Amino acid sequence: FTDRTTLAQLALLMDQCSLYLGSDTGLMHFAVALGKYVIELSIELADGQPTDGASPARMGPWGVKSQIIQPLGLDDCRGFCKKSYAHCINTISVQTVETALERYFFKYRTDTW
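Here's what I pulled together on the structure shown here. (Residues numbered from 1 in each chain as written. Predicted model: local features only at pLDDT ≥ 70, side-chain atom pairs only at ≥ 80, totals over all residues. Heavy atoms only, no water.)

## With respect to helix α4 (residues 94-108)
The following threshold applies: Note on conventions: DSSP H or I runs of at least 4 residues are helices, E runs of at least 2 residues are strands, and numbering of each starts at the N terminus. What a helix should span is 1.5 Å times the count of its residues minus one. Residue contacts are defined here by distance: any two heavy atoms, one from each residue, within 4.5 Å place the two residues in contact.
Taking 1.5 Å per residue as the helical rise, α4 with its 15 residues ought to reach 21 Å, and the 20 Å between its terminal C-alpha atoms agrees with that figure. Residues of α4 that are buried in the fold lie against β1 (19-22), β2 (37-41) and β3 (66-69).

## Notes on unusual backbone geometry
One can expect most non-glycine residues to show negative phi and most peptide bonds to be in trans. Not every positive phi belongs to a glycine, and D75 is a case in point at roughly 50°. Looking at the element boundaries, D75 is found in the loop between β3 and α4.

## Description of the environment of P61
Structurally, P61 is set in the loop between α3 (56-59) and β3. Excluding residues within four positions of it along the chain, P61 makes contact with M28, V32, V38, E40, S66 and I68.

## Let's talk about the pairing of β3
Where we set the bar: Three labels apply to residues, based on accessible area from a 1.4 Å probe with only protein chains included: buried if under 20% of the type maximum, exposed if over 50%, partly exposed otherwise in between. Note: two strands are recorded as paired if DSSP finds a minimum of 2 bridges between them.
Side chains of β3 alternate between two faces, with Q67 and I69 buried and S66 and I68 left unburied. Note that β2 and β3 share four bridges and pair parallel. Across the sheet, I39 pairs through a bridge with Q67, a residue of β3.

As structure tokens, this is what we get:
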């Protein structure tokens with residue numbers, strides 16, 4: 001739907017969803033405004049400070065049930081990734097995301113299909 005939907009159309013589409021899985025973007029905050037469950041794949045490292053730039057404690061989903069997945073620092077990266085390419089974010093495994101989804105579906109999802 002990229003470049004093919006208006007914000008109003010996006011709101012209608014997202015209203016039909018039960019959760020948001022993705023990074024900390026405007027779309028995530030849109031999902032929060034609609035009261036959706038959020039699984040955020042953060043770029044902020046797990047050893048970062050809550051006051052850091054885009055820390056989930058500071059800029060993450062507020063007021064909705066959520067899970068935050070943060071990468072581990074690689075090499076000389078501490079607090080935040082120092083590379084200009086996908087580096088520390090690669091420590092988030094598919095298995096970690098699958099576990100977060102399973103937790104959502106088995107613990108938090110209350111309505112039926």
